[in-house]
Amino acid sequence: MQTWIDIQRIRAKGPLVHNITNYVVMNNSANALLALGASPIMAHAIDEVDEVVAISDALVINIGTLSRAWIESMILAGQAARRKGIPVVLDPVGCGATSLRTATVRRLLDEVRPSIVRGNASEIRSIVIDERGAKGVDSAHGTDEALEAAEALARRHGCVVSVSGETDLVVDGKSVIRVRNGHPMMPRVTGLGCTASALTGAFAAVNPSALEAAANAMVVSGIAGEMASERSSGPGSFQVSFIDALYLMNEDEVGKRMRVEMD
Amino acid sequence: MQTWIDIQRIRAKGPLVHNITNYVVMNNSANALLALGASPIMAHAIDEVDEVVAISDALVINIGTLSRAWIESMILAGQAARRKGIPVVLDPVGCGATSLRTATVRRLLDEVRPSIVRGNASEIRSIVIDERGAKGVDSAHGTDEALEAAEALARRHGCVVSVSGETDLVVDGKSVIRVRNGHPMMPRVTGLGCTASALTGAFAAVNPSALEAAANAMVVSGIAGEMASERSSGPGSFQVSFIDALYLMNEDEVGKRMRVEMD
Amino acid sequence: MQTWIDIQRIRAKGPLVHNITNYVVMNNSANALLALGASPIMAHAIDEVDEVVAISDALVINIGTLSRAWIESMILAGQAARRKGIPVVLDPVGCGATSLRTATVRRLLDEVRPSIVRGNASEIRSIVIDERGAKGVDSAHGTDEALEAAEALARRHGCVVSVSGETDLVVDGKSVIRVRNGHPMMPRVTGLGCTASALTGAFAAVNPSALEAAANAMVVSGIAGEMASERSSGPGSFQVSFIDALYLMNEDEVGKRMRVEMD
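Since the structure is predicted, the reported quantities are computational estimates derived from the model, not experimental observations. (Residues numbered from 1 in each chain as written. Chains lettered and ligands numbered in written order. Predicted model: local features only at pLDDT ≥ 70, side-chain atom pairs only at ≥ 80, totals over all residues.)

(A) Examining the overall build of chain A more closely. Of the regular secondary structure elements, chain A holds 11 helices and nine strands. Taking 2.2 N^0.38 as the reference for a compact globule, 263 residues should give roughly 18 Å; the C-alpha atoms of chain A span a radius of gyration of 16 Å, in line with that estimate. Based on the C-alpha atoms only, the size of chain A along its principal axes is roughly 40 × 40 × 35 Å. Taking all 263 residues of chain A together, 67% fall into the buried category. Within chain A, contacts between residues separated by at least 24 positions form 72% of all contacts whose residues are at least 6 apart in sequence. (Helix = DSSP H or I, 4+ residues; strand = E, 2+ residues; numbered from the N terminus. Rg over C-alpha atoms; globule rule 2.2 N^0.38 Å. Buried ≥ 20, exposed ≤ 12 C-beta atoms within 10 Å, placed from the backbone. Contact = placed C-beta atoms within 7 Å.)

Structure representation (structure tokens):
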């Protein structure tokens, strides 16, 4: 894994990342992508998502504030992205909390076949196991409790699964990458998981290995969280400093902070 | 009123607060709830709001960026919440500014019967009196000019009414609580009223007295504003510091700053 | 051009600016307007936009996250604003990136006849020339490459065209104003162009010259960017300091920083 090289690639190429995402995080996701060096575009209308996919380098689908009309756009955009051959990242926000979300995630897995699924432990478990383990959009499980489900999901759908938590797990059904970067303040800021999904899109746009791209995004997100914790006094200033950190991140920070293990 | 005890309850229990709210404030409301110690979920689809209510500890309905489709979800969610017996907070943003908003607020009062209505003076007046006193979503009245309307509203609908302004009024038709916390910068930051409504939902989730819950939220919101004013240089940094303050608030800050009078 | 006088007018009058804008920037646009001294209202429902226009002093239409339902509201609100005689600002976000956006912008130009169109160079070019020059919502052109298109657009539709970039151009088909304020960090923060459009609405509400209003907004936006750059360490804190700067801006800052040339 050469996280720093891929950060430089993003900064050099500025990949266009198309986000069909939730209302809560749109501003922060766009800012995180810009701070990292990518170009965000948010577009959800059924009349234009295929044209947006046509100019984009990756697609991120996030179901955080779902409604019927948006689901059809997600399917259409996702299928266009697969036909074009650009990576598709799916963030199953709140999967397991409602039947609409669980059914939508399963439908997107079947009809879009995303390259990477990134969620918290409860969300990933609920895709595979019929349970309502989530506390709304927050996880009620540690990531190790989702390892089996993540591997099953990866094998069944031929995708990479990225499970965020205190230790992030990134699996493809064969390898397991554990990313130990991050900070306890991160779950106290809304949408940092969604932001990690957006960053995953940017990394997938510059690296054909979905496994590496997913892991790189978790490393960078975790390091940005560590850097932010040193420059903030609460979750409000943490959110701001997190964006600054993505912009300020350099080879030295990545080198000294990165904590990754591979099985 | 034991505001500090209820802050500790929120931090211990982490109540799930379901928000059907406006696009402008979703990120800040979610962050304010997380900073205080509650768990936010934003969901508006008619297909899932009843399931979200089923796992939630309070429901906050905010009409800030209203449209027809959302109104039906608000009604459905509100009725599900009443059946389940969890508190419902209604924020009548911009009531009086358009007939859609006024009619929707009155319909929600009749069909949902919220436990707490929290708005500014012009909004509360316009529910009871046929006037267009608001300046868009900002108040054109002091809170004392809304006392009579608030009390009439509280008696007619058997709810608590929380009127925010320089001095906040919280009434149930018998008692009047005046909260003198806050800072003049607060109306210069968008959505701090909406945030107060979200916090009201968190307090109502841990205290069966709607009167106390509504007052606690105004105290905490006001104190956070005072703390933010000491760590910021304008409305941008105030918004950030306000979130930090909710997270940093301790018994000492609450004890020394709280300014509440009860009739 | 008397930028400082118009800032004072905004602070004294607090004009109500109605925004039909995109989900990404709603919070920041509202905060920018409040920080400057104006009053924002965000409303998009076809059932109420005409009533919101009726109480507003300017209308800003921004197509950043477009969908069919919103287009009809934009047309209705725009026509109501023209009948009432208040200024209409159009921000053609992503024009040229999809045919929905290009067609919608052209329809709004014909059916609403906005007083001011404010976009980046690629967006302005794509209205006039059939090209897909934009990189999503970011510009692929310098502003001078859009001068001819801007002038053609201004003449054809009798409007002022404001092209933002390193040097902003404001044209009415006869005069050309060049605003050299700003900072390289500005394109790294999402929605600062959209914010400039919102500010344009506030300036147009207090000055009948659309040319001066458009130029004043670019001066103030650029100066706020310069001030923010001196108080921030990355795009996250820049976004926060930009709002602070709009609030803190005084005669001295405007006088010493303003860099405007008129042909």
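(B) Unusual backbone geometry, seen in detail. Not every positive phi belongs to a glycine, and Arg-113 of chain A is a case in point at roughly 55°. By the secondary structure assignment, Arg-113 of chain A is in the loop between α5 (99–111) and β5 (116–120).

(C) Summary view of helix α10 (residues 235–248) of chain B. Taking 1.5 Å per residue as the helical rise, α10 of chain B with its 14 residues ought to reach 20 Å, and the 19 Å between its terminal C-alpha atoms agrees with that figure. Where burial is concerned, most of α10 of chain B is hidden: 13 out of the 14 residues are buried. (Expected span 1.5 Å × (residues − 1).)

(D) Up close: the sheet that holds strand β9 (residues 260–262) of chain A. All names here are of chain A. Strand order in the open sheet made by the nine strands is β2-β1-β3-β4-β5-β6-β7-β8-β9, with mixed pairing throughout. Pairing within the sheet leaves two strands with one partner each, and these edge strands are β2 (39–42) and β9. Ignoring strand direction, the axes of neighbouring strands in this sheet form an average angle of 20°. As paired strands, β5 and strand β6 (residues 160–164) are joined by five bridges and run parallel to one another. Directly across from Asn-120, in β6, lies its bridge partner Ser-164. Against the sheet, helix α6 (residues 121–128) makes contact with β5 and β6, and its axis sits at roughly 120° relative to β5, the strand it touches most. (Pairing = 2+ DSSP bridges. Axes fitted to C-alpha atoms, helices over the stretch in contact; angles between N-to-C directions.)

(E) Representation of the relation of the copies chain B and chain A in the model. For the pair chain B and chain A, the relating rotation is 120°, the translation along its axis is 0.0 Å, and the fit reaches an RMSD of 0.0 Å. On the angle and the small slide along the axis, the relation comes out as a three-fold axis. Closest to the rotation axis within chain B is the C-alpha of Tyr-23 of chain B, separated from it by 3.7 Å. A share of only 11% of the interface residues of chain B reappears at the interface of chain A, consistent with the copies meeting through non-equivalent patches. (Least-squares fit on C-alpha atoms with pLDDT ≥ 70 in both.)

(F) Main features of the interface of chain B and chain A. Taken residue by residue, the interface counts 27 residues in chain B and 29 residues in chain A. Secondary structure elements with two or more residues in the side of chain B that touches chain A: α2 (26–36), β2 (39–42), α3 (49–55) and α10 of chain B. Take the side of chain B that touches chain A: its biggest share by element is seven residues, from α10 of chain B. For the side of chain B that touches chain A, a count of residues per class yields 18 nonpolar, five polar and four charged. (Nonpolar A, V, L, I, M, F, W, Y, C, P; charged D, E, K, R; others polar.)

(G) Seen up close, the interface of chain C and chain A. Taken residue by residue, the interface counts 29 residues in chain C and 27 residues in chain A. At the level of secondary structure, the elements contributing two or more residues to the side of chain C that touches chain A comprise α2 (26–36), α5 (99–111) and α10 (235–248) of chain C. Among the elements that line the side of chain C that touches chain A, the one with the most residues is α10 of chain C, at five residues. In the side of chain C that touches chain A, the residues fall into 10 nonpolar, 14 polar and five charged.

(H) The arrangement of the pairing of strand β6 (residues 160–164) of chain B in detail. Residues and elements named next belong to chain B. Judged by how many residues are buried, β6 sits mostly within the fold: five of five residues are covered. The alternating pattern of β6 places Val-160, Ser-162 and Ser-164 on one face and Val-161 and Val-163 on the opposite face, and all of these are buried. Note: β6 against strand β7 (residues 168–171), three bridges, orientation antiparallel. Each bridged residue has a counterpart across the sheet, and for Ser-162 the counterpart in β7 is Val-170. As consecutive antiparallel partners, β6 and β7 are separated by three residues.

(I) Broad picture of the environment of Gly-119 of chain B. Residue and element names in this part refer to chain B. Along the chain, Gly-119 falls in strand β5 (residues 116–120). What makes Gly-119 buried here is the crowd of 33 C-beta atoms within 10 Å. Excluding anything up to four places from it in sequence, Gly-119 contacts Asp-91, Pro-92, Cys-95, Ile-124 and Val-163.

(J) Just the sheet that holds β5 of chain B, in detail. Residue and element names in this part refer to chain B. Here nine strands make up an open sheet; going across it, the order is β2-β1-β3-β4-β5-β6-β7-β8-β9 and the pairing mixed. Either end of the sheet is taken by a strand with one partner, and the two such strands are β2 and β9 (260–262). Strand-to-strand twist across the sheet, computed as the mean angle between neighbouring axes with direction ignored, equals 20°.

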